[in-house]
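Reading the structure
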Amino acid sequence: MITIWPQYLNKNLSLSEGRKISKDDAVAEPTISDIEKALKRLGLQYNVQKEFSYPGKWYEKSGRVLVEWDKTKLELIREISLKIKEFKK
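To start, this report covers the structure provided alongside it. (Residues numbered from 1 in each chain as written. Predicted model: local features only at pLDDT ≥ 70, side-chain atom pairs only at ≥ 80, totals over all residues. Heavy atoms only, no water.)

Before going further, it helps to examine unusual backbone geometry. One non-glycine residue, Glu-29, lies in positive phi territory at about 45 degrees. Considering the arrangement of structural elements, one finds Glu-29 in the loop between β1 (2–4) and α1 (32–42). Assessed through its relative accessible area of 49%, Glu-29 is described here as partly exposed. (Helix = DSSP H or I, 4+ residues; strand = E, 2+ residues; numbered from the N terminus. Buried < 20%, exposed > 50% of the residue type's maximum accessible area, 1.4 Å probe, protein only.)

Here's what the structure looks like:
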């Protein structure tokens, strides 16, 4: 299982604030619902946990998603980001 936080995909955050991919690959203000929609389109198994807070922003309940994935975390984050970009156009 791989944990995905919305902060990983957020182009408005710096790398030190939690973004894991380049700004070109990232999306603006992704939500848990955006991530869930992308995972459905990718046909992946996942579990949404809305009550969790990203450790760097413990005061903000952003939620997280646990995903069944057999490749690297970065590959998964890029795939999710690409899908979100497709339906946000």
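The rest of the description comes next.
Looking now at α1. Those residues of α1 not exposed but buried are Ile-32, Asp-34, Ile-35, Ala-38 and Leu-39. The buried residues of α1 all sit within an arc of 160 degrees when viewed along its axis, so they share a single face. Packing partners of the buried residues in α1 comprise β1, β2 (46–49), β3 (64–67) and α2 (73–88). (Arc of directions from axis to C-beta. Contact = heavy atoms within 4.5 Å.)

So, on to the packing of aromatic side chains. Scanning the model with the defined rule gives 3 aromatic pairs in all. Here Trp-58 and Tyr-59 contribute two aromatic rings whose centre-to-centre distance is 5.4 Å and whose plane-to-plane angle is 85 degrees, an arrangement assigned as edge-to-face. Each member of the pair, Trp-58 together with Tyr-59, is exposed. Three or more aromatic residues joined by ring pairs form one cluster here, namely Trp-5, Tyr-8 and Tyr-54. Seen from the ring of Phe-87, Lys-37 lies directly overhead, with NZ or CZ sitting 4.4 Å from the centre. Across the ring face of Phe-52, the terminal group of Arg-64 is positioned such that the distance to the ring centre comes to 3.8 Å. (Phe/Tyr/Trp six-rings, centres within 6.5 Å; stacked < 30°, edge-to-face > 60°. Lys NZ or Arg CZ within 6 Å of the ring centre and 35° of its normal.)

Before going further, it helps to examine the packing of α1 against α2. Interaxial distance between α1 and α2 falls to 9 Å at its minimum, and their mutual angle equals 100 degrees. As judged from the angle between their axes, α1 and α2 are roughly perpendicular. Contacts between α1 and α2 involve Asp-34, Ile-35, Lys-37, Ala-38, Leu-39, Arg-41 and Leu-42 from the first element and Leu-76, Glu-79, Ile-80, Lys-83, Ile-84, Phe-87 and Lys-88 from the second. In terms of residue class, the contact of α1 with α2 is made up of 8 nonpolar, no polar and 6 charged. (Axes fitted to C-alpha atoms, helices over the stretch in contact; angles between N-to-C directions. Parallel < 35°, antiparallel > 145°, perpendicular 65-115°, else oblique. Nonpolar A, V, L, I, M, F, W, Y, C, P; charged D, E, K, R; others polar.)

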